[in-house]
Amino acid sequence: MSASSEQKKGPIMPMQLPEIPLEAVDLRDRTLVITYAPELQSLRESIARVGIQQPPILQKIPRSGRYRIVCGYKRLLVLEALGFEKVIAHLASAENELKLFLRGLHENLGTRSLNVVEKSLALDKLAGQFRLSREEMLKDHLPALGLGSDPKTLDLYLSLARLEEPIKQDLAAGKISIATAQQLLTLSPEDRLAFGKLLTALVLGKNRQREFLSLLRDLSLKGKTSINELLGDPQITSLVQDPQVQVPIRAKRVRELLIRRRYPRLSRAADEFEEIKKKLRLPAHLSLTASPFFEGQDYRLTITFRSREQLAAAQKALAAMAESSALAELLEITFRDQE
Amino acid sequence: MGTEIFRPQKIFVERSIRDLPFTRKLLDRWPSVPVQIVSQPQQAVDALRGEPDPIAAGKRSLLIARQRGPFIKRCPGTKNYICCGYRIINAATNCDLDCTYCILQGYLTIPLLTVYANLDDLMAQLDSFLSSGQDEFYRLGTGELTDSLSLDPSFGHARLLVPYFADKSNAILELKTKTTNVEDLMDLEHAGRTVVSWSLNAEPVVRKEEHGAPPVKERLQAARRCYRAGYRIGFHFDPLIDYPGWEEDYRRVVEAIFQHVDPQAIAWISLGALRYPPQLEEIIRRRHPQSEIVLGELFPGKDGKPRYFRPIRTRMFRKLNTWIKEHDPDVFVYLCMESDLVWRQALGWSPGNMARLSRLLDERVKP
Ligand code: SF4
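Conventions we followed
Residues numbered from 1 in each chain as written. Chains lettered and ligands numbered in written order. Predicted model: local features only at pLDDT ≥ 70, side-chain atom pairs only at ≥ 80, totals over all residues. Heavy atoms only, no water. Near = heavy atom within 4 Å. Nonpolar A, V, L, I, M, F, W, Y, C, P; charged D, E, K, R; others polar. Core = buried A, V, L, I, M, F, W, Y, C linked by side-chain atoms within 4.5 Å. Buried < 20%, exposed > 50% of the residue type's maximum accessible area, 1.4 Å probe, protein only. Helix = DSSP H or I, 4+ residues; strand = E, 2+ residues; numbered from the N terminus. Contact = heavy atoms within 4.5 Å. Domains from an automatic or database assignment. Arc of directions from axis to C-beta. Axes fitted to C-alpha atoms, helices over the stretch in contact; angles between N-to-C directions. Parallel < 35°, antiparallel > 145°, perpendicular 65-115°, else oblique. Pairing = 2+ DSSP bridges. Polar contact = N/O pair within 3.5 Å; in protein donor to acceptor, adjacent residues only side chain to side chain. Buried area = accessible area lost by both parts, 1.4 Å probe. Salt bridge = Lys/Arg side-chain N within 4 Å of Asp/Glu carboxyl O. Left-handed = near helix turned anticlockwise from the far one by under 90°. Phe/Tyr/Trp six-rings, centres within 6.5 Å; stacked < 30°, edge-to-face > 60°. Lys NZ or Arg CZ within 6 Å of the ring centre and 35° of its normal.

> What's the story with the site of the ligand in this structure? I'm lost.
In the vicinity of the ligand, the contacting residues are Lys59, Cys95, Leu97, Cys99, Tyr101, Cys102, Leu104, Asp147 and Lys178 of chain B. A class-by-class count of the residues in the shell around the ligand yields six nonpolar, no polar and three charged.

> Could you clarify how one ought to interpret the nonpolar core in this entry?
The nonpolar side chains of soluble globular proteins are, as a tendency, buried together. Counting 200 residues, the largest nonpolar core has Leu185, Phe235, Phe237 and Tyr250 of chain B as its most contacted members. If you tally residues by element for this core, the top one is helix H9 (residues 246-260) of chain B, at seven residues. Those residues in contact with phenylalanine 237 of chain B, other than ones at most four positions away along the chain, are Leu200, Tyr250, Val253, Val254, Ile257, Ile269, Ser270, Leu271, Gly272 and Leu320 of chain B. Among the nonpolar cores identified, the runner-up in size contains 20 residues, and Val33, Tyr67, Leu76 and Leu82 of chain A belong to it.

> I would appreciate a short explanation of the domain arrangement of chain A in the present structure.
Frequently, the measure chosen for interface size is the accessible area removed from exposure when the parts meet. Assigned domains within chain A: domain 1 (1-112) and domain 2 (277-330). Computed over C-alpha atoms only, the centres of domain 1 of chain A and domain 2 of chain A are separated by 70 Å.

> For this particular structure, what's the right way to read helix H5 (residues 134-144) of chain A?
In an α-helix, one turn spans 3.6 residues; hence positions three or four apart end up facing the same way. Residue and element names in this part refer to chain A. Residues of H5 that are buried: Met137, Leu138, His141 and Leu142. What you see down the axis of H5 is that its buried residues fit within an arc of 135°, all on one side. For H5, the exposed residues lying more than 90 degrees away from the buried face are Glu135 and Lys139. Residues of H5 that are buried sit in contact with helix H3 (97-111), helix H4 (116-129) and helix H6 (151-160). Just downstream of H5 lies glycine 146, where phi reads positive at about 75°.

> Could you clarify how one ought to interpret the packing of H4 of chain A against H6 of chain A in this entry?
Describing two packed helices takes the angle between their axes plus the distance from one axis to the other. Residues and elements named next belong to chain A. Interaxial distance between H4 and H6 falls to 8 Å at its minimum, and their mutual angle equals 100°. Here H4 is positioned roughly perpendicular relative to H6, judged by the angle of their axes. Contacts between H4 and H6 pair Val116, Lys119, Ser120, Leu123, Asp124 and Ala127 from the former with Leu154, Tyr157, Leu158 and Leu160 from the latter. For the contact of H4 with H6, the class distribution of residues is seven nonpolar, one polar and two charged.

> Please explain the sheet that holds strand E5 (residues 90-91) of chain A as it appears in this structure.
Strand pairing in a sheet relies on backbone hydrogen bonds. The paired strands run either parallel or antiparallel. Residue and element names in this part refer to chain A. Here three strands make up an open sheet; going across it, the order is E3-E2-E5 and the pairing mixed. Edge strands, defined here as strands with exactly one partner in the open sheet, are strand E3 (67-71) and E5. As paired elements, strand E2 (residues 57-60) and E5 share two bridges and run parallel to each other. Paired with isoleucine 57 across the two strands is histidine 90, which belongs to E5. Sitting on the sheet, H3 is in contact with E2 and E3, with an inclination near 50° to E3.

> Would you mind going over the side chain of arginine 68 of chain A with me for this structure?
Residues and elements named next belong to chain A. You can see arginine 68 is positioned in strand E3. A distance of 2.7 Å separates the side chain of arginine 68 from the side chain of aspartate 29, its partner in a polar contact. In contact with arginine 68, other than residues within four places in its own chain, are Asp29, Thr31, Leu32, Ile57, Leu58, Gln59, Ile61 and Glu97.

> Any chance you could explain the interface of chain B and chain A here in plain terms?
Contact residues are listed per partner, giving 24 residues for chain B and 22 residues for chain A. Looking only at chain B, the three residues that lose the most surface to chain A are Leu295, Glu297 and Phe309 of chain B, adding up to 28% of its buried area. Where chain B packs against chain A, one counts five salt bridges. Measuring nitrogen to oxygen at the nearest pair gives 2.6 Å for the salt bridge that ties arginine 313 of chain B to glutamate 295 of chain A. The interface formed by chain B and chain A includes 13 residue pairs in polar contact (both at pLDDT 80 or more).

> I keep staring at the packing of helix H1 (residues 41-50) of chain A against helix H2 (residues 73-82) of chain A and nothing clicks. Help me out?
Residues and elements named next belong to chain A. Contact geometry of H1 with H2 gives a least axis separation of 10 Å together with a crossing angle of 65°. In this view, H1 runs roughly perpendicular relative to H2, as classed from their interaxial angle. Handedness of the crossing formed by H1 with H2: right-handed. Contact with H1, carried on its side by Leu43, Arg44, Ile47 and Ala48, involves Lys74, Arg75, Val78, Leu79, Ala81 and Leu82 of H2 and no other residues of that element. Partitioning the contact of H1 with H2 into residue classes produces seven nonpolar, no polar and three charged.

> Just checking my understanding: could you explain the side chain of arginine 307 of chain B for this structure?
Considering the arrangement of structural elements, one finds arginine 307 of chain B in strand E16 (residues 306-308). In this structure the side chain of arginine 307 of chain B is engaged in a polar contact, spanning 3.3 Å, whose partner is the side chain of aspartate 303 of chain B. Dropping the residues within four chain positions of it, arginine 307 of chain B is found in contact with Glu295 of chain A together with Thr78, Tyr81, Leu274, Arg275, Glu297, Leu298, Phe299, Gly301, Arg313, Met337 and Glu338 of chain B.

> Can you help me understand the packing of aromatic side chains in this one?
For any two aromatic rings, the description comes down to two numbers: the centre-to-centre distance and the angle of the planes. Here the structure, examined in full by the defined rule, presents 18 aromatic pairs over all chains. A ring pair is formed by phenylalanine 293 of chain A and phenylalanine 299 of chain B, whose centres lie 4.8 Å apart and whose planes are at 15°; its orientation type is stacked. Of this pair, phenylalanine 293 of chain A sits in the loop between strand E6 (286-290) and strand E7 (299-303) while phenylalanine 299 of chain B sits in strand E15 (residues 298-300), each in a different chain. Among the aromatic residues, ring-to-ring pairing joins Tyr263, Phe273, Phe293, Phe294 and Tyr299 of chain A together with Phe299 and Phe309 of chain B into one connected group. When the ring centre of tyrosine 86 of chain B is taken as origin, the NZ or CZ atom of lysine 176 of chain B, which lies over that ring, is 5.1 Å away.

Right, dumping it as structure tokens:
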């Protein structure tokens, strides 16, 4: 069913429910709404085809004569977008607001899983708007949201509600992990937003997010500068924005640069090792590795072959390597100091 | 500034030792401090739950308990590095100082200051331990899971142990400290069988990382008092911290050692670079956000513990060793938990294994 002109009144329901003009519904009043960054496309298609199966719940505000959403925020957004003029809705009796809020919340919980931000907003409203005690939250509401009953989890979710909008959107969309968000909470708002922009630009996976954040945090502490300033560094911005290369390559290059700055001495040793490896001119099927972080003095050489000829070639390359002056250099770097 | 006199905010007493003389002595010392009798140490641990910083709270609470395990243990050392064959006398655990790098922050299952009251068991275990291996020589110390002297004015372990070791020919006692609490040592009969040693560091490191510990100068003045009282003296530069300007600062400490103590009296000087169990990093960052030690170039070593990039530590060890040897080439310098490679690179030789290092250290203090 499409939104043709005679259907602009909204779906036909079996029960006698009031028809409310859509313009009388205050879509900006989120007092009782926890829905955040909803995905509307599939709902839109469904409503356009078969209408609303479950009428929203509204509360009339006597002072203004307008309606507040108790439940059905997404449905109402879609109806508005589809050009409906009226909606058939349940009208909530003038119960206290907490009851209405919990009714809406549990309707949501019964039909879909809430994203992280929605859970944090729900808890934030219960604590702030409805002034529930910590004990009540821990006993009833945290478990109802599937979050257990650990006070630390409650504190974390309450803090998440205070994140800036762009960060919350990434969190709701699953682009930022909760672990990363938790770390972001320790940063200043400017640093958080700068990091959020970097995440969006480089499309980092969750492990990389953690790694980037930890590198940036350490570099900012070491350099006594903010992450925001660090990310404004021309060398970094040019890598982040380089139009010549694809995003994953940009991310790789930024990562390498950050590692280089965080671990300059290890990076120098690794460069030196690579230089010497080049001088050794090893064929592709011989691979040479140093001990992890150059902690030991052993090197490991791996030969990969699938024919007698390849093995013989490797043998020849090994003999040449044993005679090479680059080998002496290689063995000597183990004993080199660094300033 | 000396070490502040310790006074717990709360005392937990395990029921089974509440009437032992040591317990009574401690309770008499702090008559106005609230006391709670517990049947198990775990009850005291539970009381710290909900504290914003249970480790800090643990340092203000004293648990007087019964040592149920052995009082004497081998120092656990670390995998794939050469350790020195030390024995730990576990008469107390935890410490009232709060060094940022202290491994006890992540190590203790009972995060309270804990002292064991069944001292008769301690002495009996020492008797049987030292008489069982008459041919062997043992270096034992109380300063691995605590600071040996920080709480000694209250606990009095030195007064018990120093005279005990005075007539032992197959063992030496080491009291390792950062404090200046040596008053009680002055009149003790020690017969040269106790080494009093100080953990030293560069002054900026002391100020930033060793919270509650006195400055190096005061530690060295205390060392001088002990030297004058005839004790052998040890020094431990551990953990060495790499930061811009470390050379100048550490060199100054080396100079100061020799201004305070005759090299002849020095049993040993050990060098150890910053390293810690991996899980400690998170604790350091959380509890000591102003500390920069975790920002060094540290990587997992062969034991999985983060330690400085090898060339960094080698260089630090080599420099310190050189400065020490410039003062007296005969001072025995050893590395704490290092690889054979680092020994050779830094000091030009290596004991090769624990047994040899242990023997060399024994030689320094055998009667
Ligand atoms: S003095 Fe030793 S035991 Fe005490 S906090 Fe410092 S490192 Fe830990």
